[in-house]
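Per-entry structural report
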Amino acid sequence: MVLFTEEQKSFCEWVRAFALKEFSDGAKERAKLEYVTPEVMKKLAEAGLLELGTSAKYAKHPKDYVTFGIAMEEVCKVDFTAMMVLLIQVLVYGLAEWMSDELREELLPATSAGKKLLCFANTEPDCGSDATAIKTRAVRNGNSYTISGEKTSISGGMQSDAVITTARTHPSDGAKGITLFYVPLDLPAVSRSVFRDMGNISAGRASLTFNEVRVPISFRIGEEGEGFSKVMRTFDASRVLVGLSALALAETSLTETVEYVKCKTAFSNPLSRFEAVSFKLAEHATLLEAARMICYKALKLRDEGLPHSKEAAMAKWFAPKCAVNALRDLMLIFGHRGYSEENPIEQRWRDAISTQIGDGTAEIMKLIIAREILGGKFGPTM
Amino acid sequence: MEFKFSRKEDLWQWAVREFAEGELAKQELITLDYVPADILKKMGELGFFSVKVPEEYVGNSGTWVMMGILAEEIAKTNIAIAYMTMVSYEVNLSLARYGTEEAKGEWLRDLVKGNKRGCLSVTEPDSGVEVGAIKTKATREQDSYFIKGEKSPVSFGMQADVALLFAKTDPERRTTGITAFLVPLGLSGIMKSVIKNMGLFPLAPCSFTIDNVCIPAKYRVGDEGEGSRILTNMGFSSDFHQIISGLISLGAAQTAMRLAISYSKQRVAFGQPLAKFEAISEKIAEDVTYLEAARWLCYRALALKDQGLSNAKEAAMCGWWCPKVAFQAIENALLIHGHTGYSDDLPLQQMLRDIVAFEMISGTENILKLIVSRETIGSVAVPDNLSDQFSNY
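Only a predicted model underlies this, so the values are computations on that prediction, with no experimental measurement involved. (Residues numbered from 1 in each chain as written. Chains lettered and ligands numbered in written order. Predicted model: local features only at pLDDT ≥ 70, side-chain atom pairs only at ≥ 80, totals over all residues.)

1. Here we look at the overall build of chain B
Counting secondary structure elements, chain B contains 14 helices and 10 strands. By the compact-globule yardstick of 21 Å for 393 residues, chain B fits well, its C-alpha radius of gyration being 21 Å. Dimensions of chain B, computed from the C-alpha atoms along their principal axes, are close to 80 × 50 × 40 Å. Looking at chain B as a whole, 55% of its 393 residues qualify as buried. Residue pairs in contact within chain B that sit at least 24 positions apart in sequence constitute 73% of those at least 6 positions apart. (Helix = DSSP H or I, 4+ residues; strand = E, 2+ residues; numbered from the N terminus. Rg over C-alpha atoms; globule rule 2.2 N^0.38 Å. Buried ≥ 20, exposed ≤ 12 C-beta atoms within 10 Å, placed from the backbone. Contact = placed C-beta atoms within 7 Å.)

Written as structure tokens, this is what we have:
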């Protein structure tokens, strides 16, 4: 079994060098900003990393999802603030074929050039994991829709130019009453407010309030009632990519810790000589590697057009969990140094916790896995 | 076998709880980079720093269990202030037991009343758990000592008036060359620089650069070479430190669980409260089990101390295990709250950031397990190169 093809291997080498060269400087400072800097977006765009998964004919890189995963992992190893910008492509390109020509032509060139940032909104104050319980309404009047409701916990919500949001076009139809809309966020009927989060600060997580926002019919993506199923198709990719971004945080920290324990001495020995330290590193290296393999397996299955919801769900709960646990232990190996802002590990640990929550909690992932392995009839009901 | 507090301890718990829920409940206290003077004074007035301090210095008799209650109850609303009470006792009781009458006369009453603040300064850039490796030197010249070196990090260093500081009077020796001193921090020659941490903000730790600071010999605490014993007795390698930091973690975790329990009843998903889902209720059931077990482990270790019995094993167990189960409970409570737990609208994220520090506050988990190993397996379990610090108890 080959993990990466020759083409993917050389992409990996290239993107690793690119990320180190372009993003090493200032990464620690950028992690404390409440937005992704335009420079980061510009560099990603120029390198062709905002056309991953695109159907654009002349995209610089292969279009497969394994390649996408490599980009996510390698860039986030250096600068996690890029994560959100890379991730949103899954949705933008995943939905492109259902966009109106007008919207597609306005949107795709701008996002792939890093000139426009989008975010995705489904969660509402009263529903998160229970994703189809949304209440935001979209009412059609002639050639436009009027959208009203509140979306919350929207990563990129403060900074984005526009949102792709779910809204209910049918009041009582569960998943089938949900439709997707493109909504520019500079409209006066939209208001936003920021969350002050413990980490992943550059995501500028926000609540968005739509107060009778009017959008033209061309801003509807897909048909009425198709929103939920269309978005679900992209989740199997984005969940894995979130997993890889979390692993990236832990992998970089593991590399740094390995160097630290060789230099730092206690009781006249390098820390690495103590089994309590070195075995912990061995354990986390094992778990991170295992989680990484699940991620790439899921992406490979996706590239081959095979079912991969189970693997994607495994990746989404296991990789963030392994990453968060590893980061905590690595931080503790640094002792009080790890606890101070001087060391980037504490920031990475706080960032990684966000990957456990966003894009579906561990409970939802386990529900998906349980249903897959038990069969719908025997799985938990919900 | 009675699993309950005495009448006096019950009343004490009630008094501490009333204070904590009233005066400490303000959220903004958690992100300040100091403990406000009025709070310190109030705690002094209520006798919170008086337990086991001699009566002439406004102290009272009381039990070690009472100190546990104090830490646990305060930590339910403010982890950093609970930590401050622990450090205060370490400084005050070390001074009361080992200090000269002059030093006690000048400092102890004000420290116990909350008019002055103390801090404990052991760790250096090149020595954390390895106390014998400290390099700060104290050189005797007639009736004075000249102290020179660097200490980092020192919790409460920025706001403290005085430090119980550990330095080598005999650099040739390791743990037996260490001596404790009371060092007023207003003296010229002491430079402070603040360290920014991810949590426990009111501790405002800093590093001290001490450039030949002269202190009178009466400020030596204990004999020369007795420093390591003081640390083991009442400092950061003490059973006290291990148990109290355990109870602080557990106090915070109990609050986190309380929040998770009430959220699980209110929040509805898929038409049911979260509490109806086993994935949620089992997590809560597990964590409250751990917290209950850990809490009694702590109080047993304190009860042993009150009876004058050995508690080295039990204390070390508290030291590594309680912060771990507390961390896990808070982490689960945060994740049960989903995205709302991740922002500062709720105290959970700050609790997690605060409590993770307790996993290294009594030395690392490994060092504490080493003590448990030594107490259960025997000295054969202590690696040779660690024996000067861990075999001489």
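2. Here's the deal with the packing of helix α4 (residues 64-75) of chain B against helix α5 (residues 79-98) of chain B
Residues and elements named next belong to chain B. As a packed pair, α4 and α5 sit with axes 7 Å apart at the nearest point and diverge in direction by 155°. Classified by the interaxial angle, the pair formed by α4 and α5 is roughly antiparallel. Contacts from M67, L70, A71, I74 and A75 in α4 reach I79, I81, A82, T85, M86 and Y89 in α5. Classifying every residue of the contact of α4 with α5 gives 10 nonpolar, one polar and no charged. (Axes fitted to C-alpha atoms, helices over the stretch in contact; angles between N-to-C directions. Parallel < 35°, antiparallel > 145°, perpendicular 65-115°, else oblique. Nonpolar A, V, L, I, M, F, W, Y, C, P; charged D, E, K, R; others polar.)

3. Points about the pairing of strand β1 (residues 118-121) of chain B
All names here are of chain B. Residues G118 and L120 of β1 are buried on one face, and the alternating residues C119 and S121, pointing to the opposite face, are buried as well. With four bridges connecting them, β1 and strand β4 (residues 162-168) associate as parallel partners. Within β4, the residue paired with G118 across the bridge is V162. (Pairing = 2+ DSSP bridges.)

4. Some points on the packing of helix α4 (residues 65-78) of chain A against helix α7 (residues 227-263) of chain A
Residue and element names in this part refer to chain A. Their axes nearest at 8 Å, the elements α4 and α7 cross at an angle of 35°. Two packed elements cross with a definite hand, and for α4 against α7 that hand is right-handed. Note on element contacts: α7 touches α4 through A237, V240, L241, L244, S245, L247, A248, L249, E251 and T252, opposite Y65, F68, G69, M72, E73, C76 and K77. Residues that form the contact of α4 with α7 fall into these classes: 11 nonpolar, three polar and three charged. (Left-handed = near helix turned anticlockwise from the far one by under 90°.)

5. Quick look at the domain arrangement of chain A
Accessible area lost during the coming together of the parts is what is often quoted as the interface size. Residue and element names in this part refer to chain A. Segmentation of chain A into domains returns domain 1 (6-112), domain 2 (118-225) and domain 3 (228-374). Its C-alpha centre places domain 1 at a distance of 24 Å from the equivalent point of domain 2. In this complex, domain 1 contributes 19 residues to the contact, which on the side of domain 2 involves 18 residues. Of all elements in the fold, only α5 (82-95) and α6 (101-112) reach the threshold of two or more residues within the side of domain 1 that touches domain 2. In terms of residue count, the dominant contributor to the side of domain 1 that touches domain 2 is α5 (five residues). (Domains from an automatic or database assignment.)

6. Quick notes on helix α1 (residues 6-23) of chain A
Residues and elements named next belong to chain A. With 18 residues, α1 extends 25 Å between its outermost C-alpha atoms, agreeing within 8% with the 26 Å of an ideal straight helix rising 1.5 Å per residue. Of the positions making up α1, those classed as buried are Q8, F11, V15, A19 and F23. Seen from one end, α1 has its buried residues packed into an arc of 65°, which puts them on one side. Summarising the geometry of α1, the exposed residues directed more than 90 degrees from the buried face are E6, S10, E13, A17 and K21. Residues of α1 that are buried in the fold lie against α2 (27-30) and α4. (Expected span 1.5 Å × (residues − 1). Arc of directions from axis to C-beta.)

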